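Results of the structural survey
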Amino acid sequence: MALRFDQRVAIVTGAGNGLGRSHALLLGSLGAKVVVNDLGGGAHGDGKSSTAADAVVAEIIAAGGEAVANYDSVEHGERIVQTALDAFGTVDIVINNAGILRDVSFHKMTQADWDLILKVHLTGSMSVSHAAWPIMRDKGYGRIIMTTSAAGLYGNFGQANYCAAKLGLAGLANCLAEEGRSKGIQVNTIAPIAASRLTETIMPPELLANLKPEHVSPLVAWLCHEDCEQTKGIFEVGAGYISQLRWERTQGQSFPLGKNFSVDDVANKWNTIGDFTNAGHPATVNDSFAPILHNINNPRLGGNEFIDLDEAVKCELVLENSYDERDVALYALGIGAARDPLDKAELNYVYEMGSDFAVLPTYGVMPQSNAMLQAAKAGGLKLPGQNYGFDRILHGEQYTEIKRPLPTNAKLKHIFKFKEAWDKDPHAVVTFAVHTLDESGEEIAYNEMTSFVRGAGGWGGDRGPSADVNTPPNREPDAVIEEKTDANQTLLYRLSGDWNPLHADPAFAKAFGFDKPILHGMCTYGYCGRHVIKAFSNNDPRYFKSIKVRFAKSVYPGETLITKMWRESDTRIVFETSVKERNEVVIKNAVIELYTEIPAPKKAAHTSDAASVEAVNSVIVDDYFAAIADFVASKPELVAEVKTTFQFTFHNPESSWFIDLKNGQGEVGAGEIAKPDVTIELDNEHVNTLFGGDQGEVQKLYFGGKMKVHGNVMASNKLSALAGMDPAAIDAAKTARVSAEVTTPAAAVVEAENAFVLADVFAGIKAFVSSKPQLSEQVKTSFQFSFHAPESNWFLDLKSAKPIAGEGVLPKPDVTIEMDAEYAPVLFSGDQAEVQKLFFGGKMKVHGNVMASNKLSVLSEMDPALITQAKADRLAKNTTGANPAASAPATKSSEAPAIFEQIAAHLSAKPATAAKGVVQFSLSDIDSTWCIDFSASPAQVTVGSAAHPDAEITLSDATLQALCSGEQGLQDAYQRGDVRVDGDALLAREMKFLNALGA
């Protein structure tokens, strides 16, 4: 149905021509009763006539509408409004459109030119609006339109008077919008461009032909309609184009209030002051004050052109990378490990195929350091608040903490955060903290990098601690290790990622005052860590917890390091490292801490029963508003006292609530109400402060920027009416909620029992593949499924002799599919398009042979009834509704018994063999061992472990199947790491006869 204005009374000023005429005719045609005001003067404010207004009135009446004329100047707004009252009894709409021009350059402008323009445009609009205001206020309804212009908003040559008046109108409208908001009066501003007496002298005819006033009036009519809720808007409109404007403000620069800042400081920050990246859009005076109040309530830390401490503390840098066994072994060689290749303890650091391959804990500094250096090399490194280059930096101190023994390979995320800075005028000392997390989100290492930054001090900050720490005791050391570095040590170490030419290029080193390239400080750091582990941890790196050192002097490759160590306790070793040839200390104030027990990886996060109970028993927003609802219901007199509606918008998590103390008996609930007087916005965590009754704490939230108040800010103080509420009511509301939540209705039990369960899916898949043994030959692929939320692991082996599916982990799957459990129904739905959406949307990850994942399409042939039957079987056996997926992991069936039975038959048929001794096969994934004793004739095959096997072959059940089927050779499996051999390797090589079993 078309929008109409029946029974509405509208005043349109300057309505004899142009835009005003168009507005009046449109409103009249839509049922409004119109007062057509026009002085009848010229475009420059001279003359007077009733002709123009009368003509428009006649047009409206001829079209069946109602209208009267008024010929007063807009400076007499009360007369114009009285005309409306005399003719129609009220006023609903005021459209301030009247205007004139007196364009002249500011140099030639007279006071009369200035005064007349402001009197007509600004004072005239104020006068008419002021006269209508009491009427609108009393009736609780009104619509006012101000007419500004692009010249007023942006400025234009030769129109200083006009620009000032037009921008003044926008300011007047914004103020009236705030004052009228709670009274039902809406005030908006238009900046039109249209053909009129004011534009016909400055625009060409062909342009004016397209700038018809009729293309502006529909917007004006909508803003005046009762269905429109817009207020305080500014709109550009013309030639069919309509847009809304808003203010935009840069993030700006806040200077510390603790010390004076200069014109030079402003000049140095000019680009920041004018940078509209991440700009804000203030809409209220409160928004305008917010950054100023924040600067007052949050004193700045300071800084200078090199270091901005305030920028540094609020930002973080996140980088990602990975490492593998090769990186770990190369690093160990780079810090002098395994000089004796026959030393088994040292070999463990460099030989990735050994059974005890381990990562030296000082490697914990390398991934984050390499990530930073790679970003710098690519030009993408910008540590927050740090505005200096590497040429100013000297690595002063390093702290590394290992949360658990480092894995031999990992994908990592590093979070760089500023920790502290000391002003050692004229230099500075800056420390960054780096948290390193693995793919599961568990922190595996923590580093602190402390750098000496030349020439970056002098901002008047704290000089920091000066006392020495971790100083050696005045006695002989408990252990001393002396080790000579190689002449090419730095060239080997730099392959681990530190490409700084200072450590490789002789000419570069000389340019920085060194005789030759120097050894990396972090290389010496690694040597020290190795020495302490060897002396106090029996060369077992797993007990290493942390290391902290201060770099004192440089080391040259080929020099001899002497590390002196003092045991302060069983877990704390103080040490100092010097260069023998120069008798100079190069590492000092150093300490290593050890664990008493080897830390284990954290288990995947699950919500424990205790945590669930704690969450349920916490007071939440719902409890506060339930208590407030009861309080308001018991105090109906609050409505008469408060007369205000409140809207509450909470974040993290999101929710909306309201308190209506203006209508009826009062109401409180979840949701939003129309046109609240006050809107309060804050994070969920601050709800206790908001309703805690301490106004001082509430004000801290507001002035600290943690709580925003929109609308009638002063009225927000009326929330103090809730101070009479008994705090015990909140606890009572919580108790009632918890009691209601802990009772699970029978319907919920049925729903849980009938829910999608992975155990049913894989039981169905198992039944399907078991009936299709040919799939192994067709697909030749093993699949691992890793589900999260909740965590579970399942496999589908279509590579072994007999296809199998179940719960557990395959040793070396061809494809690993990772996703949240909620998407499992899509994965097994058979809809490839939906599965692809998961993949390309980042909700499903595929590792390994990505293309082979398409082979899962073989499951599209599976009858869904198999899953339905599996569910029915589960429910029949599991009357409590327990989810089988949460029970003990199913054990994958093994082919080993059948294979070793086949081996025994083969050896009986062919007793001649060159092998002598006992070979033990340890199946890693099914915890089973078998032995072949070649000293007997024929060789004997037995189940179990041998007391002293001559050779031990460790492999998975799947690899054993691959060897015996001829799919994989023993040497190939060994080189790929699928097989590990301990003991007599030559005897193990004789097991190549296994391939003959598949012939």
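Residues numbered from 1 in each chain as written. Predicted model: local features only at pLDDT ≥ 70, side-chain atom pairs only at ≥ 80, totals over all residues. Heavy atoms only, no water.

Taken together, the side chains of Arg137, Lys183, Lys643 and Lys718 make up a positively charged region of the molecular surface. Within the element layout of this structure, Lys718 appears in the loop between β23 (707–711) and α24 (728–741). (Patch = residues over 30% accessible without salt bridge, like charges linked within 9 Å, V, L, I, M, F, W, Y side chains within 5 Å. Areas by Shrake-Rupley, 256 points an atom, 1.4 Å probe, with all protein chains shown as cover. Salt bridge = Lys/Arg side-chain N within 4 Å of Asp/Glu carboxyl O. Lys, Arg positive; Asp, Glu negative; His and termini not counted. Charge placed at Lys NZ, Arg CZ, Asp CG, Glu CD. Helix = DSSP H or I, 4+ residues; strand = E, 2+ residues; numbered from the N terminus.)

Let us look at the nonpolar core. One finds Leu360, Tyr363, Val549, Met565, Phe575 and Ile587 to be the most contacted residues of the largest nonpolar core, which totals 48 residues. The dominant element in this core, judged by the number of residues it contributes, is helix α18 (residues 521–536), at eight residues. Every residue in contact with Tyr363, bar those within four places of it in the chain, is listed here: Tyr323, Asp327, Val328, Tyr331 and Leu406. (Core = buried A, V, L, I, M, F, W, Y, C linked by side-chain atoms within 4.5 Å. Buried < 20%, exposed > 50% of the residue type's maximum accessible area, 1.4 Å probe, protein only. Contact = heavy atoms within 4.5 Å.)

Bringing a nonpolar patch on the surface into the picture now. Residues Leu257, Val285, Phe289, Ile292 and Ile296 make up a contiguous nonpolar surface patch of about 510 Å² in total accessible area. With a relative accessible area of 58%, Leu257 lands in the exposed category.

One open sheet accounts for five strands, arranged β31-β30-β29-β32-β33; its pairing is mixed. Strands with a single pairing partner mark the edges of an open sheet, and in this sheet they are β31 (940–943) and β33 (980–983). This sheet shows a mean twist of 20° between the axes of neighbouring strands, independent of strand direction. In this structure, strand β32 (residues 951–955) lies alongside β33, joined through four bridges in antiparallel fashion. Residue Thr954 lies in a different strand from β33, and its bridge partner there is Arg980. Where helix α31 (residues 896–909) meets the sheet, its contacts fall on β29 (918–923), β30 (928–933) and β31, and the angle it forms with β30 comes to roughly 0°. (Pairing = 2+ DSSP bridges. Axes fitted to C-alpha atoms, helices over the stretch in contact; angles between N-to-C directions.)

All right, on to the pairing of strand β20 (residues 655–661) then. Most of β20 sits out of view: five of its seven residues are buried. Alignment of strand β19 (residues 644–651) against β20, held across seven bridges, turns out to be antiparallel. Residue pairing across strands places Thr645 opposite Asp660, the latter belonging to β20. Where β19 hands over to β20, the hairpin turn is made up of three residues, of which Asn652 adopts a positive phi near 55°. Pairing of β20 with strand β21 (residues 667–670) involves four bridges; the strand directions are antiparallel. Residue pairing in the sheet places Asp660 in a bridge with Glu667 of β21. As consecutive antiparallel partners, β20 and β21 are separated by five residues, and within that stretch Gly664 has a phi angle of approximately 55°, a positive value.

That's the geometry; what it means functionally is another story.
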